[in-house]
Amino acid sequence: MTPRTRRWGRFLLALCWLLPVLALGGRYEGRVVRVIDGDTVETLDSARTLQRVRLRGIDAPERKQAFGTQAKQRLTDLVGGQAVVVDGDKRDRYGRVVGTVTVAGRDVGLTLVQEGYAWWYRRYAADQGALDVVRYGAAELAARRDRRGLWQDPAPQAPWDYRR
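Parameters and conventions
Numbering of residues begins from 1 in every chain and follows the order in which that chain's sequence is written. With the structure being a predicted model, the display of local features is reserved for residues of pLDDT at least 70 and the display and counting of side-chain atom pairs for 80 or more, all residues being used for whole-chain, interface and lining totals. Hydrogens and water are ignored here; the side-chain numbers use all heavy atoms of the structure. Runs of H or I in DSSP of at least four residues are treated as helices and runs of E of at least two as strands, each being numbered from the N terminus. Any residue under 20% of the maximum accessible area for its type is buried, any over 50% is exposed, and the rest in between are partly exposed; the area is computed with a 1.4 Å probe on protein chains only. Helix span is expected to be 1.5 Å times the residue number reduced by one. For this analysis, residues touch if any pair of their heavy atoms sits within 4.5 Å. Under the rule applied, a polar contact is a pair of N or O atoms within 3.5 Å (in protein, one hydrogen donor and one hydrogen acceptor; residues adjacent in sequence only if both atoms are side-chain atoms). Within this document, salt bridges are pairs made up of a side-chain nitrogen of Lys or Arg and a carboxyl oxygen of Asp or Glu, the two lying within 4 Å of each other. By convention a nonpolar core is built from buried Ala, Val, Leu, Ile, Met, Phe, Trp, Tyr and Cys residues, the set being connected through side-chain atoms within 4.5 Å. Whether two strands pair comes down to DSSP finding at least two bridges between them. Our arc is simply the arc of the directions from the helix axis toward the C-beta atoms.

S.K.: How would you explain the overall build of the chain if you had to name every residue and give the values?
M.R.: From N to C terminus, the chain includes five helices and eight strands. When burial is assessed residue by residue, the chain has 43% of its 164 residues classed as buried.

Structure below.
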């Protein structure tokens, strides 16, 4: 194989890795076809491509944790079968799109935090805009103060601690 052929091969390989991100284009409309858990859904976009989406800025209880089932059910109530807009141009280590999901202009992740079904995921605050950082932080504080959802538990365990 010549050096030129190897360069072209590396270029094509890099392009194959980038195509899913480039095709995503940052924002798309789709329909939620499945709710995986309290912070992950599968959508079908206009090209009929299945995309797994992790809601940006939140972390919901795991399935076997307290409020894990309720968080999944609440997300299902909010988006199940609904037309959504996904705004996200990043993928996580599992290949999921990380994005903000909105239904009729309503930020679903923010709603879950406000209602006490998810934590604001401070660790990834840098991936959010400044306004979202303020809104999500205030939403979690209000949910804690009012003992909504998982905040009814005297000592709720964060999902990132549970997974360890």
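From this point on, the discussion continues.
S.K.: Any details on helix H4 (residues 130-145)? Residues and values, ideally.
M.R.: Helix length check: H4 (16 residues) gives 23 Å between terminal C-alpha atoms against 22 Å at 1.5 Å per residue, within 8%. Along H4, the residues that are buried comprise Asp132, Tyr136, Gly137, Ala139, Glu140, Ala142 and Ala143. Those residues of H4 that are buried are in contact with strand S4 (58-59), strand S7 (106-107), helix H3 (108-114) and strand S8 (119-120). Phi for Arg147, located one or two positions after H4, is positive at around 55 degrees.

S.K.: Any details on unusual backbone geometry? Residues and values, ideally.
M.R.: Non-glycine residue Arg48 carries a positive phi angle of around 60 degrees. Positive phi values are uncommon outside glycine, yet Arg147 reaches one of about 55 degrees. Its place among the elements puts Arg147 in the loop between H4 and helix H5 (159-162). The class of Arg147 is partly exposed, set by a relative accessible area of 48%.

S.K.: Run through the side chain of Thr100, naming residues and quoting values.
M.R.: Mapped onto the elements of the fold, Thr100 is located in strand S6 (residues 97-103). Polar contacts involving the side chain of Thr100 include one to the side chain of Arg56, which spans 3.2 Å. With near-sequence residues (within four places) excluded, Thr100 lies in contact with Arg56, Val85, Val86, Asp87 and Asp107.

S.K.: Go over the pattern of salt bridges with me, naming the residues and quoting the values.
M.R.: Under the criterion given, the structure shown has 18 salt bridges. Note that Arg34 is salt-bridged to Glu42, the shortest N-O span being 3.8 Å. Glu42 gets classed as buried once you look at its relative accessible area, which sits at 11%. With a closest N to O distance of 3.6 Å, Asp39 and Arg54 form a salt bridge. In this pair, Asp39 sits in the loop between strand S1 (27-37) and strand S2 (40-45) while Arg54 sits in strand S3 (residues 50-55), placing the two residues 15 residues apart along the sequence. A relative accessible area of 10% means that Arg54 is categorised as buried. Through salt bridges that share partners, Asp39, Arg54, Asp59, Glu62 and Arg163 make up one connected network.

S.K.: Describe the nonpolar core, naming the residues involved and giving the relevant values.
M.R.: Counting 26 residues, the largest nonpolar core has Leu75, Val79, Val108 and Leu112 as its most contacted members. Of all the secondary structure elements, the ones that give two or more residues to this core are S1, S3, helix H2 (68-79), strand S5 (83-91), S6, H3 and H4. Those residues in contact with Val79 that sit more than four places away from it in its chain are Val32, Val35, Val41, Val84, Val103 and Val108.

S.K.: I'd like to hear about the pairing of S3, residue by residue, with values.
M.R.: As paired elements, S2 and S3 share five bridges and run antiparallel to each other. Across the sheet, the residue bridging to Thr43 is Gln51, located in S3. The pairing of S3 with S6 spans three bridges and is classified as parallel. If you follow Val53 over to S6, its bridge partner there is Val97.

S.K.: Kindly report on H2, identifying the contributing residues and their values.
M.R.: With 12 residues, H2 extends 17 Å between its outermost C-alpha atoms, agreeing within 8% with the 16 Å of an ideal straight helix rising 1.5 Å per residue. Taken residue by residue, H2 has Gly68, Ala71, Leu75, Leu78 and Val79 as its buried positions. Axial view of H2: buried residues confined to an arc of 90 degrees, hence all on one face. Of the residues trailing H2, Gly81 is marked for its positive phi of about 75 degrees.

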